[in-house]
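Understanding the architecture of this molecule
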Amino acid sequence: GSAKTPGLQLQLSQLAEAELECMMACILHHVVENASEYGMRAEDAQQNFKPCMAKNGEFAANLRVKTASTKYWKQGCLTPAPPSHAGRLWNVKVHFKSLWFAENAWGVSCAATDMQENEVVVECPF
């Protein structure tokens, strides 16, 4: 349908990016090696993989996550979802739920289960 599950693109740290690149490579390798178990040919599995992580040049990678049932935390207490996530720093717990398959694509389903806003104190430099 036309309704989409709400989601975010999270900017990753270098450590998280390296770990997730390794994990995605292992998942891709597994599905390609066992493509017939997933109803595909190995070539199709390789070509039709839609990564949940995107990298643009030297910039930090982004991870796409769904936020439909995300719990938000601030100072150790549950809080309502903010009107905007922009310009804020978050600690995020991500659940890699499952593999999804469509006619000409497949990938990993990711959900942000908990998001904790980091309090960043910016001091005036003058």
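For the structure itself, consult the block above.
A brief structural summary. (Residues numbered from 1 in each chain as written. Predicted model: local features only at pLDDT ≥ 70, side-chain atom pairs only at ≥ 80, totals over all residues. Heavy atoms only, no water.)

This paragraph deals with the state of the cysteines. Evaluation of the coordinates by the stated rule reveals zero disulfides. Free cysteine Cys-22: the closest other cysteine sulfur is in Cys-26, separated by 4.5 Å. Left without a disulfide partner, Cys-110 is nearest to the cysteine sulfur of Cys-52, which lies 3.4 Å away. On the basis of relative accessible area, Cys-110 is assigned to the buried category, the value being 4%. (Disulfide = S-S within 2.5 Å. Buried < 20%, exposed > 50% of the residue type's maximum accessible area, 1.4 Å probe, protein only.)

All chains considered together, the criterion is met by five salt bridges. The partner of Glu-117 in a salt bridge is Lys-74, and the shortest N-O contact between them spans 3.9 Å. You can see Glu-117 sitting in strand β7 (residues 105-118) and its partner Lys-74 sitting in strand β4 (residues 71-74), a full 43 residues away along the chain. Its relative accessible area of 17% is what places Glu-117 among the buried residues. On the basis of relative accessibility, which here comes to 34%, the residue Lys-74 falls in the partly exposed class. Between Glu-117 and Arg-88 there is a salt bridge whose closest N-O contact spans 3.3 Å. Of this pair, Glu-117 sits in strand β7 while Arg-88 sits in the loop between β5 (77-79) and β6 (89-102), and the two are 29 residues apart along the sequence. Of the residues examined, Arg-88 reaches a relative accessible area of 34% and is grouped as partly exposed. Among the ionic contacts, a cluster of salt bridges with common partners joins Arg-41, Glu-43 and Asp-44. (Salt bridge = Lys/Arg side-chain N within 4 Å of Asp/Glu carboxyl O. Helix = DSSP H or I, 4+ residues; strand = E, 2+ residues; numbered from the N terminus.)

On to the pairing of strand β1 (residues 7-11). Only one face of β1 is covered, namely the one carrying Leu-8 and Leu-10; the face carrying Gly-7, Gln-9 and Gln-11 has none of its residues buried. Bridge analysis of β1 against strand β3 (residues 62-66) gives five bridges, and the strand direction is antiparallel. Paired with Gly-7 across the strands is Lys-66, a residue of β3. (Pairing = 2+ DSSP bridges.)

Interpretation note: all reported values are geometric properties and have no functional meaning in isolation.
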